[in-house]
Amino acid sequence: MRSRRRHPLFLPVLLCALAVLIARPTSATGDTDTRGGLSAEVVRLYEEASLATQQYEAGRREAEVQRGRAQRLERLLTREREDIAALHGDLGRIARAQYRSGGGLPHTAQMLLAESPEELMRGQRAVWQADLAVNNAVTKSRRAEARLAADEEKAASAWQVLERRNGELAKIKRGIEKKLEEAQWTLQGQADAAVAAGACRGAVRLDQPRTGFVQPWVAPVETYELSSGFGNGGDRWASRHTGQDFAVDIGTPVRSVGAGRVVKVSCGGAFGIEVVVKHAGGYYTQYAHLAAVTVEQGERVAAGQWVGQSGTTGNSTGPHLHFEVRLTPQLGSGVDPREWLARRGVRL
């Protein structure tokens, strides 16, 4: 009978070995980055850049409104000054006309020569009403001019404050965009290194937004411009273009267009880093030229779930997503992605 005291370190060593094995990533394509790292930084900077752009655009629109208000008030003030100048001219003409009309005598002289109290009162009333009307008109015009001038000053001051704030927002926006560009190309450099080495870095786990898509099918990217389409010819392809390209920046989250299972994650060849998802009905979708993947092979995904981040790996002339719909997982069985998505309620 063997004594257990002959190997006093056996149990601790065994426990350590088990701990190492449990902690070790099981991905066949490389270590899984559970923290996101640079990929998460790119996503965060995208959100910050989007928010900064929204704030800048809102401030710019507000400044345009204030500037328009100041300009309208300036035009009103100019007209008010012209009206006052015209009124003053009328007063001068009235005063001069008093000596040139009405028997050649001013109202005052006519009152002195009045032949009856009634005629005298009528003359006094006429003079008083004329003076009152003129004085009231001048007073109202001057008050209006003062109000317009005060409003114009406030509007101009508010516009200048907004312009200064927009200058600060523009500076912040440029700073974020510069950081984003640096992070994007660093991420792309890591992806190129992985492709060159033939060793995928594994899934990057990112905090995805809770979108809760109601529709079963979505576009592969949220914001995009369509570039090369299915069946296009050109020097870039050995035959016809086999998918639909979406012009997006490096690091843009790429979504699975529908629920399915990841059947392929690879990082070599003409497509660079790519993900292929199998959907119900026997169709497959491919997402190629990625800078990072966020899923593992064999993993189930929901509609709209991020499967990677766009890039320009493989045979790519610039940042974009190459998206295909296939009848098999292999190249050469593609169908028109725009028509396929349109039949499922997604119009690109």
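Each remark here, short or long, concerns the structure printed above.
All values reported here derive from a predicted model rather than from experimental measurement. (Residues numbered from 1 in each chain as written. Predicted model: local features only at pLDDT ≥ 70, side-chain atom pairs only at ≥ 80, totals over all residues. Heavy atoms only, no water.)

A. Expanded view of the side chain of glutamine 309. You can see glutamine 309 is positioned in strand S8 (residues 306-310). What makes glutamine 309 buried here is its relative accessible area of 0%. Within the structure, the side chain of glutamine 309 is placed 3.2 Å from the backbone oxygen of glycine 251, a separation counted as a polar contact. For glutamine 309, the residues in contact, after removing those within four places along its chain, are Ser39, Val42, Val43, Leu187, Leu206, Gly251, Thr252, Val254, Leu290, Ala291 and Ala292. (Helix = DSSP H or I, 4+ residues; strand = E, 2+ residues; numbered from the N terminus. Buried < 20%, exposed > 50% of the residue type's maximum accessible area, 1.4 Å probe, protein only. Polar contact = N/O pair within 3.5 Å; in protein donor to acceptor, adjacent residues only side chain to side chain. Contact = heavy atoms within 4.5 Å.)

B. Spatial organisation of a positive patch on the surface. Taken together, Arg69, Arg72, Arg75, Arg79 and Lys154 make up a surface patch of like positive charges. Per element, the largest residue contribution to the positive patch is four residues, and it comes from helix H2 (residues 37-98). Examined against the element boundaries, arginine 75 turns out to sit in helix H2. Note on arginine 75: relative accessible area 46%, which makes it partly exposed. (Patch = residues over 30% accessible without salt bridge, like charges linked within 9 Å, V, L, I, M, F, W, Y side chains within 5 Å. Areas by Shrake-Rupley, 256 points an atom, 1.4 Å probe, with all protein chains shown as cover. Salt bridge = Lys/Arg side-chain N within 4 Å of Asp/Glu carboxyl O. Lys, Arg positive; Asp, Glu negative; His and termini not counted. Charge placed at Lys NZ, Arg CZ, Asp CG, Glu CD.)

C. Local environment of the packing of aromatic side chains. In total, this model carries five aromatic pairs according to the counting rule given. Taken together, a centroid distance of 5.2 Å and an interplanar angle of 80° make the contact between tryptophan 217 and tryptophan 340 edge-to-face. Of this pair, tryptophan 217 sits in the loop between helix H4 (117-197) and strand S1 (225-226) while tryptophan 340 sits in helix H5 (residues 337-342), placing them 123 residues apart in sequence. In this structure an aromatic cluster arises from ring pairing among Tyr224, Phe246, Tyr287 and Phe323. Above the plane of the ring of tryptophan 217 lies arginine 344, whose end atom (NZ or CZ) is 5.6 Å from the centre. The positively charged end of arginine 344 is found above the aromatic ring belonging to tyrosine 283, 5.2 Å away from the centroid. (Phe/Tyr/Trp six-rings, centres within 6.5 Å; stacked < 30°, edge-to-face > 60°. Lys NZ or Arg CZ within 6 Å of the ring centre and 35° of its normal.)

D. Here's a closer look at the pattern of salt bridges. Under the definition given, this model contains nine salt bridges. Here lysine 264 and glutamate 274 are joined by a salt bridge, their closest N and O atoms 3.3 Å apart. Of this pair, lysine 264 sits in strand S4 (residues 260-266) while glutamate 274 sits in strand S5 (residues 273-278), placing them ten residues apart in sequence. Overall, the relative accessible area of 32% leaves lysine 264 in the partly exposed class. The network of salt bridges with common partners includes Glu41, Arg44 and Glu48.

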